[in-house]
Amino acid sequence: MRHFILMSHGYLARGMASSVEMILGEREDISYICAYVDGDADIKDEAAKRIESFGEDAETVILTDIFGGSVNNELLGLMNRKNVYLVSGMNLSLVLELLIRAEDGAETGSIIAECIQRAKEGMRFCNHEFSENSEDIPLDEF
């Protein structure tokens, strides 16, 4: 089974998990860790304990908020463990796509790469997207 741990500076991970639950319903394969909100919590140790609780053969995908940020950096050593994948740049589109695709049985690394690409494609600067075709948009309806 694949497990997903959402991790962020502050409460972003909890909010992301809440949004996922609103859209997909309750899931047992997702959890979160909010870093630096309880004082001196060791987030690497907390993540490691969570991974171990899933069992030896489970796959774990850890999603963090910022590449190069302290949360992501503290977890880099966990990539050395069997079946642990670390992904940065977490957003709701990426998390939803990963959870939906997790059930199709494909190889985890391939799923992650595809989902990252799709999440990137979903990021748009709407002003530019719509300015080229502005005559087609009934702006008075907004």
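Owing to the predicted nature of the structure, the values given are computational and were not obtained by experimental measurement.

A.B. asks: Honestly, the environment of Ala102 in this entry has me stumped. Any pointers?
C.D. replies: The topology assignment puts Ala102 in the loop between helix H4 (92-101) and helix H5 (108-121). Of the residues examined, Ala102 reaches a relative accessible area of 15% and is grouped as buried. Distance from Ala102 to Leu86, taken between C-alpha atoms, is 15 Å for residues 16 residues apart in sequence. Beyond its immediate chain neighbours, meaning those up to four positions away, Ala102 contacts Arg2 and Phe4.

A.B. asks: Honestly, the sheet that holds strand S1 (residues 2-9) in this entry has me stumped. Any pointers?
C.D. replies: Strands pair in a sheet through their backbones, by hydrogen bonds, and they do so in one of two ways: parallel or antiparallel. Strand order in this open sheet of four strands is S2-S1-S3-S4, and the pairing throughout is parallel. Among the strands making up the open sheet, the edge pair consists of strand S2 (30-35) and strand S4 (84-87). Taking the axes of each pair of neighbouring strands and ignoring which way they run, one obtains an average angle of 20° across the sheet. Relative to S2, S1 is paired through six bridges, and the arrangement is parallel. Directly across from His9, in S2, lies its bridge partner Ala35. Running over the sheet, H4 touches S1, S2, strand S3 (59-64) and S4 and is turned about 170° from S1.

A.B. asks: Would you take a moment to explain the packing of H4 against H5 for this structure?
C.D. replies: Working note: a packed helix pair is described by the angle between its axes plus the distance between those axes. Across the interface, H4 lies against H5 with an axial gap of 9 Å and an inter-helix angle of 145°. The chirality of how H4 crosses H5 is right-handed. Residues Ser93, Leu94, Glu97, Leu98 and Arg101 of H4 lie in contact with H5, whose contacting residues are Ile111, Ile112, Glu114, Cys115, Ile116, Arg118 and Ala119. Among the residues forming the contact of H4 with H5, the class breakdown is seven nonpolar, one polar and four charged.

What counts and what doesn't
Residues numbered from 1 in each chain as written. Predicted model: local features only at pLDDT ≥ 70, side-chain atom pairs only at ≥ 80, totals over all residues. Heavy atoms only, no water. Helix = DSSP H or I, 4+ residues; strand = E, 2+ residues; numbered from the N terminus. Buried < 20%, exposed > 50% of the residue type's maximum accessible area, 1.4 Å probe, protein only. Contact = heavy atoms within 4.5 Å. Pairing = 2+ DSSP bridges. Axes fitted to C-alpha atoms, helices over the stretch in contact; angles between N-to-C directions. Left-handed = near helix turned anticlockwise from the far one by under 90°. Nonpolar A, V, L, I, M, F, W, Y, C, P; charged D, E, K, R; others polar.

What is shown is where atoms sit, not what they do.
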